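Structure at a glance
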Amino acid sequence: MPVRTYIEAIRETLREEMRRDASVIVLGEDVGKKGGVFLATDGLYDEFGEGRVIDTPLTESLIIGASIGVSVNGLRPVPEIQFADFIFPAFNQIVSEAARMRYRSNGTFSCPMTIRAPFGGGVHGALYHSQSVEAFFTHVPGLKVVVPSTPYDARGLLRSSIRDDDPVLFFEHKKLYRSVRGEVPDSDYSVPLGRANITRPGTQVTIVAYGLMAHYALEAAELVEADGISAEVIDVRTLRPLDTETLLDSVKKTGKAVIVYEDNRFGGYGAEIAALLAEEAFDYLDGPVTRVAGPEVPGVPYSHGLEDWFMVDPDRIAEAVRRLAAY
Amino acid sequence: MATTAADARAAVGDAPAGDLAAKVGLTDQQLLDMYALIALTRAVDERMWILNRAGKVPFVISGQGHEGAQVGLAFELRKGHDWMVPFYRSVASVLTFGMTAREIMLAQFARSIDPSSGGRQMPGHYGAARHNILSTSSPVATQVLHAVGIALAAKIRGIDQVVMTSLGEGASNQGDFHEGLNFAGIHRLPVVTVVENNGYAISVPARLQTAVEDVADRAGGYAMPGVVVDGADVLACYRAGREAIRRARAGEGPTLIEAKVTRLTGHSSDDQQTKYRSAEELASGKDRDPLPRFRSQLRDAGVLDDEHESTIAAEIKAAVDDATDWAEAQPEPDPATAERHVYAGDPPDPSAGQPGAG
Ligand SMILES: Cc1ncc(C[n+]2csc(CCOP(=O)(O)OP(=O)(O)O)c2C)c(N)n1
Ligand SMILES: [Mg+2]
């Protein structure tokens, strides 16, 4: 089976979807000749031309607002926000408009679109090129939120997102773009939205994570294995709609859960999972639902030492797992 | 290049007397149709306020004073082909573009078969998929970007659709307005943006909203013509709309039209405008009411006579009574349906559709 990097999987999937469906267009800042600042759209401009690969002005609200109009009038846009950190000028268009179009029109209008945005820290991007913004959007009914962590899932989930009839936020972890390789079949498989993946089976503690943290969770599971602790790792993959069944089944089995997210802890996405477990798996819990998350500062600081201080890493996750296992 | 506001004003000046219809390139019947639309809109609008005072509908936001501009500007659009992306004052625009008095009243009463939202949105948030009228939200100016996107898709798909969108002069200070016009200018998109300048954004006068006298002057920054038109002059609006629609359809690009109108009511049923507008100002606003003006113009031109007028008036009264009674009698949305249409595939509402609303 061919091995690809995470970003290659995304690029090839975009190309294939554009070949398959003439209504798919790409728009965003620098997505044309340059192929995007991370090269996610590299080559698309040459193949599909400026009519379907559109370099927009530096206006995020326009990128999303125009995508809404484009989708209402029969096309399937895949807008790119250059960095998730810069999605906020488009927040109103995403939350007030795209998310509500179907509901507010009583099902008579919809806006299928896949908003791609690189997110996440650990890449020396500091406060404005490192953010995890998923919690702002997972709160909103009408949106779907997807965070793949492997090349296989990036491809399968991007396919499902582009073919989905609702607005999807597709967050790609920048640190994974070139650091992660994996087998990606050439077939037309897709990974359905709304299904989590058990990436490592175990019996004593469930570790729930997504994005870069899904990899760190696996590393942590390795580390604690040496201490005789069997950890099960779940990669959430789709944050909204959430696969509650897989999570609950796992925690009912292990009785213990560590939830990992890179964003700062307070009000982060993991809080929703903690609440779910407290409400629906209370009788099965053998210890406090535990979160391992970023510190309460308004962004990832730049200097090497400060960034390391901010970022959750496998050791910190392993430490929390050991503590919980001993509870 | 952008024309100056003054050029534009001269270009769309008063229609000369004489054979009015021929001079403006319409038939007498079309002039009467325009008149009937304006009068119908006014009657529907007045009924909304009566229903509000009677305690039957909790909220009204409407367009009295804007109707002449809306009918004139939208008259040349192709129904069922072009697109309308309206705002909350667009009662006349959506009636011109195919919605019916019944459909408007369904929204007022928030009934389950209301085509705009099935009773989910406040009244005034029009939309109708079958007429290509995009669903309206409340945050102002967001719709300009949707209009631009619809126009972009039309261009990509090679369809000669024209998109007309409208907003107030207050909303024209939002970033979305500028981002949208800029993009439309870059790609010469077939979109006509109408700013209905009534001098107020709720209570804040235009002089505290925009640094320029004419919003249309902003078109110069986006490489499109900016046209100022007297919104009380229906035929001037018609000509301005027709030219902008022609340009858009011919691939010559977007136009910004500013119609100077007056707001004859409070901002909404929740507003007391005497707090910030003087009695004299309110009285002089009445002189800028497009309805009596157009009526006199058509009477002077011999297009409208007593007989026409009373026939149209009787038809409108019957239509508004029918729309009110019929809409009020329709069922309210069932709370059991409130979770529908969050995502595709959420169970469809069996009562959806608009039986009898045409
Ligand atoms: C983004 C946003 N801010 C505030 C409001 C509240 N609001 C509704 S209408 C309005 C004034 C709009 O004035 P203008 O654009 O001139 O239109 P008009 O109502 O005069 O026709 C305001 C402040 C809103 N709907 N959206
Ligand atoms: Mg105003």
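My aim in this report is to walk through the structure given alongside it, one point at a time. All of these numbers come straight from a predicted model, not from anything done at the bench.

A word on the coordination of the magnesium ion (ligand 2). Residues and elements named next belong to chain B. Only Glu169 (OE), Glu169 (OE), Asn198 (OD1) and Tyr200 (O) from the protein coordinate the magnesium ion (ligand 2), and they sit 2.1 to 2.6 Å from it. If you look at the magnesium ion (ligand 2), its 6 donor atoms make angles of 53 to 179 degrees with each other, and the shape they trace is irregular. If you list the donors of the magnesium ion (ligand 2) from N- to C-terminus, the spacing comes out as E-x28-N-x1-Y. Of this pair, Glu169 sits in the loop between strand E2 (163-168) and helix H8 (175-187) while Tyr200 is found in strand E4 (residues 200-201), placing the two residues 31 residues apart along the sequence.

All names here are of chain A. For the pair helix H1 (residues 6-20) and helix H7 (residues 151-163), interaxial distance at closest approach is 8 Å and the crossing angle is 30 degrees. Relative to H7, the element H1 lies roughly parallel. Helix-helix and strand crossings are classified by hand; for H1 and H7 the assignment is right-handed. Contacts between H1 and H7 pair Tyr6, Ala9, Ile10, Glu12, Thr13, Leu14, Glu16, Glu17 and Arg20 from the former with Pro151, Ala154, Arg155, Leu158, Arg159, Ile162 and Arg163 from the latter. For the contact of H1 with H7, the class distribution of residues is 8 nonpolar, 1 polar and 7 charged.

Moving on: the pairing of strand E7 (residues 255-260) of chain B. Residue and element names in this part refer to chain B. With 5 of 6 residues buried, E7 is to be regarded as a mostly interior element. Strand direction decides the pairing type here: strand E3 (residues 191-197) and E7, joined by 6 bridges, are parallel. What sits directly across from Val192, in E7, is Thr255.

The subject of this paragraph is the pattern of salt bridges. If you walk through the whole model with that rule in mind, you get 46 salt bridges over all chains. In this structure, Asp306 of chain B engages Arg299 of chain B in a salt bridge whose closest nitrogen and oxygen atoms are separated by 2.5 Å. Judged by its relative accessible area of 53%, Asp306 of chain B falls in the exposed class. You can call Arg299 of chain B partly exposed: its relative accessible area is 34%. Overlapping salt bridges bring together Arg4, Glu12, Glu16, Glu17, Arg20, Arg155, Arg159, Arg163, Asp186 and Asp188 of chain A as one network.

Residues and elements named next belong to chain B. Read from one edge to the other, the open sheet built from 5 strands follows the order E1-E2-E3-E7-E6, with strand pairing classed as parallel. What marks the edges here is a single partner per strand, and that holds for strand E1 (83-85) and strand E6 (226-230). The average angle at which neighbouring strand axes cross in this sheet is 20 degrees, direction not considered. Pairing of E2 with E3 involves 6 bridges; the strand directions are parallel. For Val163, the partnering residue across the bridge sits in E3 and is Val191. Strand contacts of H8: E2, E3 and E7, with the helix running at about 145 degrees to E3, the strand carrying the most contacts.

All names here are of chain A. For the structure shown, the criterion picks out 15 aromatic pairs over all chains. Measuring from centroid to centroid gives 5.3 Å for Phe38 and Phe83, while their planes differ by 65 degrees, and the two rings are edge-to-face. Of this pair, Phe38 sits in the loop between strand E2 (24-28) and helix H2 (44-48) while Phe83 sits in the loop between strand E4 (76-80) and helix H4 (91-98), and the two are 45 residues apart along the sequence. Taking the relative accessible area as the measure of exposure, Phe38 reaches 19% and is therefore buried. Ring geometry for Tyr152 and Tyr189: centres 4.3 Å apart, planes at 15 degrees, overall stacked. In this pair, Tyr152 is assigned in helix H7 and Tyr189 in the loop between strand E8 (181-183) and strand E9 (197-200), connecting sequence segments 37 residues apart. Overall, Tyr189 belongs to the buried group, its relative accessible area being 11%. Taken together through their ring pairs, the aromatic side chains of Phe88, Phe91, Phe119, Phe136, Phe137 and Phe171 make up a single cluster. Over the aromatic face of Tyr189 sits the side chain of Arg159, whose NZ or CZ is 5.3 Å from the ring centroid.

This next bit is on the packing of helix H7 (residues 142-157) of chain B against H8 of chain B. How two helices pack is summed up by the angle between their axes together with the distance between the axes. Residue and element names in this part refer to chain B. Where H7 contacts H8, the axes come no closer than 7 Å and their chain directions differ by 20 degrees. Our classification of the angle between H7 and H8 gives roughly parallel. Handedness of the crossing formed by H7 with H8: left-handed. Where H7 abuts H8, its residues Thr142, Val144, Leu145, Val148, Leu152 and Lys155 lie against Asp176, Phe177, Glu179, Gly180, Leu181, Phe183, Ala184 and His187. Here the contact of H7 with H8 is built from residues that sort into 8 nonpolar, 3 polar and 3 charged.

Quick look at the interface of chain B and chain A now. The interface of chain B with chain A comprises 42 residues on the first partner and 39 residues on the second. Where chain B abuts chain A, roughly 3200 Å² becomes buried across the two surfaces, and 63% of that area is made up of carbon and sulfur atoms. There are 0 salt bridges connecting chain B and chain A. Our count for the contact surface shared by chain B and chain A stands at 20 residue pairs in polar contact (both at pLDDT 80 or more). Mapped onto the side of chain B that touches chain A, the elements with two or more residues apiece are H7 and H8 of chain B. Of the residues contributing to the side of chain B that touches chain A, the split by class is 20 nonpolar, 16 polar and 6 charged.

Another point: the sheet that holds strand E13 (residues 257-264) of chain A. Strand pairing in a sheet takes place through backbone hydrogen bonds and is either antiparallel or parallel in direction. All names here are of chain A. Ordered in space as E9-E11-E10-E13-E14, the 5 strands form an open sheet in which the pairing is mixed. At either end of the open sheet lies a strand with only one pairing partner, and these are E9 and strand E14 (290-294). Taken pair by pair, the neighbouring strands of this sheet meet at an average axis angle of 25 degrees, ignoring direction. In this structure, E13 lies alongside E14, joined through 4 bridges in parallel fashion. Note that in E14 the partner of Val258 across the bridge is Thr290. Relative to strand E11 (residues 231-235), helix H9 (residues 212-225) is tilted by about 175 degrees, and along the sheet it contacts E9, strand E10 (205-209), E11 and E13.

Analysis parameters
Residues numbered from 1 in each chain as written. Chains lettered and ligands numbered in written order. Predicted model: local features only at pLDDT ≥ 70, side-chain atom pairs only at ≥ 80, totals over all residues. Heavy atoms only, no water. Donors = N, O, S within 2.8 Å, 3.2 Å for Na, K, Ca; no water. Tetrahedral: all angles 85-135°; square planar, octahedral: opposite > 155°, others 65-115°. Helix = DSSP H or I, 4+ residues; strand = E, 2+ residues; numbered from the N terminus. Axes fitted to C-alpha atoms, helices over the stretch in contact; angles between N-to-C directions. Parallel < 35°, antiparallel > 145°, perpendicular 65-115°, else oblique. Left-handed = near helix turned anticlockwise from the far one by under 90°. Contact = heavy atoms within 4.5 Å. Nonpolar A, V, L, I, M, F, W, Y, C, P; charged D, E, K, R; others polar. Buried < 20%, exposed > 50% of the residue type's maximum accessible area, 1.4 Å probe, protein only. Pairing = 2+ DSSP bridges. Salt bridge = Lys/Arg side-chain N within 4 Å of Asp/Glu carboxyl O. Phe/Tyr/Trp six-rings, centres within 6.5 Å; stacked < 30°, edge-to-face > 60°. Lys NZ or Arg CZ within 6 Å of the ring centre and 35° of its normal. Buried area = accessible area lost by both parts, 1.4 Å probe. Polar contact = N/O pair within 3.5 Å; in protein donor to acceptor, adjacent residues only side chain to side chain.

This is a description of form; function is not addressed.
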